[in-house]
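Letter by letter, the chains look like this.
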Amino acid sequence: MTAERARITVFDTTLRDGEQSPGCSMNQPEKLRLAQQLDRLGVDVIEAGFPIASDGDFEAVRAIASVVRRPIIAGLARACRPDIERAWEALREAARPRIHVFLATSDIHLQYKLRITRDQCLAQARESILFAKSLCDDVEFSPEDATRTDPEFLCRVLEAVVEAGATTLNIPDTVGYTVPSEFGALITTIRERVKGIENVTISAHCHNDLGMAVANALAAVAAGARQVECTINGIGERAGNASLEEIVMAMRVRPDKFAYETGVVGEQIFAASQMLSEITGVPVQPNKAITGRNAFAHEAGIHQDGVLKNPLTYEIMTPQSVGVPDSKLVLGKHSGRHALGIRCEQLGYQFDRRALDDIYRRFVRLADKIKKVEDHHLLELIRDTHKPSGSATPLIEPIPSAKAAAVNASAVTAPAPEPVKPFPVGPQTNAFGVPLPAHTDPHHEQTQQEDYLWGV
Ligand code: KIV
Ligand code: ZN
């Protein structure tokens, strides 16, 4: 019997904290378009903006609240009446509105930023939640800089806001300072010490200044948090927020370690990532986990050979499971003959072993000069290899060695390859729709071994 998995609420703050990252601001139609994609993605809460910040943000929150009806729509407010009133005005048409109130609690913020005492902070937190609660049932409170707050004072503030009616307690690691063991322990302390905690949801909001936002969020969940705040592509203040796609896929790929589930539709992840990048003009870092363009690309020959034989050799999730159309075999100088042969077949050419050797040698020399061999280079190279010598400018110089020259000579006299019919796709195909070898060739094992070695 499989154990029941706890359901984690995914609170997306791409449109609020994410938008605060340099170069990522969005106008109202852009925010609405992205909110609709976040809805398709299946997030539970969309933090649509900070309504007091500007008229544009107010209008964007209001538009999202009236159009996007399934998820909870949250608006941010400082712990004061004008902010809370403005947030409520923007949210009131929402099917499921949430006011999110924050107030710093660390001594460094109280002393230098807010210039108030701990007692004043406690009173302000309580009063602001009472006021927000008078307007809206669903109220979230965040003690800003919680991870640098004295835990005893933090618990006093949290207890006061629970008593005042907060329904979610969000614990922000505002400056990305904590580490997983410490953050998990803080959540445990809060669960043990705050009266009434069993009636509210604990949330984690992690920043990535030390590159540990996702690990910290997962540690919080393991310690009992049931909401995670995150953004698409991990965008957000400074080094960003915990990345939604990384949290969700960690839970999906490693249910043995993270036995939780979310309502996120994995197949919509890539579309959300691309839409965000297109709207903001900020490209996704190529090696970004899950959504970077290299996340499912394989260049090394050993890897390409393995993936062609069975994608599980080098892929822990399928590209399709996160909405990426297919994994890419990037043809470069590390690629092997196996991948080259497959790409030639996909382009309509099938070569016997000797012809492929010839193409391969030329390909490696070309790949040494240009980083990535695109299909049009390959087609040119194929045509060049199989045309009468001297009839056109060669793409690369002739191979100088005697053996290679012999190979060339035979290639020169060989007829140009005919495009082959597409392979029938049947049970004997791999994940790329390419037939697996028939295993009748006596040299099959040796060939496979060579494919492995050629890419080294
Ligand atoms: O990082 C932070 O502390 C915040 C709060 C407003 C939740 O974004
Ligand atoms: Zn934040």
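Residues numbered from 1 in each chain as written. Chains lettered and ligands numbered in written order. Predicted model: local features only at pLDDT ≥ 70, side-chain atom pairs only at ≥ 80, totals over all residues.

1. Structural notes on the sheet that holds strand β7 (residues 168–173)
Link 1 in the chain: Taken in spatial order, the eight strands close into a barrel running β2-β3-β4-β5-β6-β7-β8-β9, and their pairing is parallel. The average angle at which neighbouring strand axes cross in this sheet is 25°, direction not considered.
Link 2 in the chain: In this sheet, strand β8 (residues 201–206) lies alongside β7 in parallel orientation, the contact comprising six bridges. Bridge pairing in β8 places D173 opposite C206.
Link 3 in the chain: Packing against the sheet, helix α7 (residues 180–193) makes contact with β7 and β8, and its axis sits at approximately 150° to β7.
Link 4 in the chain: In the packing of helix α8 (residues 213–222) onto the sheet, the strands contacted are β7, β8 and β9 (227–230), and the crossing angle to β8 comes to about 165°. (Pairing = 2+ DSSP bridges. Helix = DSSP H or I, 4+ residues; strand = E, 2+ residues; numbered from the N terminus. Axes fitted to C-alpha atoms, helices over the stretch in contact; angles between N-to-C directions. Contact = placed C-beta atoms within 7 Å.)

2. Side note on the site of ligand 1
Link 1 in the chain: Close contacts around ligand 1 come from D17, F102, S142, E144, N170, P172, T174, H205 and H207, and that covers them all.
Link 2 in the chain: For the shell around ligand 1, the secondary structure elements donating two or more residues are β6 (139–144) and β7.
Link 3 in the chain: Of the residues in the shell around ligand 1, the class split is two nonpolar, five polar and two charged. (Near = placed C-beta within 6 Å. Nonpolar A, V, L, I, M, F, W, Y, C, P; charged D, E, K, R; others polar.)

3. Details of the nonpolar core
Link 1 in the chain: I46, A48, I73, V101, A217, V228 and I247 are the most contacted members of the largest nonpolar core, which has 96 residues in total.
Link 2 in the chain: No other element matches α8, which puts eight residues into this core.
Link 3 in the chain: If near-sequence neighbours (up to four positions away) are discounted, I247 is found in contact with V214, A217, L218, V228, C230 and A242.
Link 4 in the chain: Listed in part, the 18 residues of the second largest apolar core include C344, F351, A367 and L378. (Core = buried A, V, L, I, M, F, W, Y, C linked by C-beta atoms within 7 Å. Buried ≥ 20, exposed ≤ 12 C-beta atoms within 10 Å, placed from the backbone.)

4. Some points on the packing of helix α3 (residues 81–91) against helix α5 (residues 118–135)
Link 1 in the chain: Put simply, α3 and α5 touch, their axes get as near as 10 Å, and they point 20° apart. In this view, α3 runs roughly parallel relative to α5, as classed from their interaxial angle. Crossing hand, α3 versus α5: right-handed. Contacts between α3 and α5 involve R81, I84 and W88 on the former and, on the latter, S128, F131, A132 and L135.
Link 2 in the chain: For the contact of α3 with α5, a count of residues per class yields five nonpolar, one polar and one charged. (Parallel < 35°, antiparallel > 145°, perpendicular 65-115°, else oblique. Left-handed = near helix turned anticlockwise from the far one by under 90°.)

5. Quick look at α8
Note on helix geometry: an α-helix contains 3.6 residues per turn, so any two residues three or four positions apart are oriented the same way.
Link 1 in the chain: Most of α8 is tucked away: nine of the ten residues are buried.
Link 2 in the chain: Taken as a whole, α8 has its buried residues at A213, V214, A215, N216, A217, L218, A219, A220 and V221.
Link 3 in the chain: Where α8 is buried, its residues touch β7, α7, β8, β9, α9 (244–253) and β10 (260–261).
Link 4 in the chain: One or two steps after α8, the chain reaches G224, where phi turns positive at roughly 120°.

6. Quick look at the pairing of β8
Link 1 in the chain: Most of β8 is tucked away: five of the six residues are buried.
Link 2 in the chain: In this fold, the crossover linking β7 to β8 by way of α7 has right-handed handedness.
Link 3 in the chain: In the sheet, β8 pairs with β9 via three bridges, with the strands oriented parallel. Each bridged residue has a counterpart across the sheet, and for H205 the counterpart in β9 is E229.
Link 4 in the chain: Handedness of the β8-α8-β9 crossover: right-handed. (Right-handed = clockwise from strand over helix to strand, strands pointing away.)

7. Section: the environment of V194
Link 1 in the chain: Counting through the fold element by element, V194 comes out in the loop between α7 and β8.
Link 2 in the chain: V194 gets classed as buried once you count the C-beta atoms within 10 Å, which come to 21.
Link 3 in the chain: For V194 and A160, which are 34 residues apart along the polypeptide, the C-alpha to C-alpha distance reads 9.2 Å.
Link 4 in the chain: If we skip the residues at most four places from it in the chain, V194 touches C155, L158, E159 and V162.

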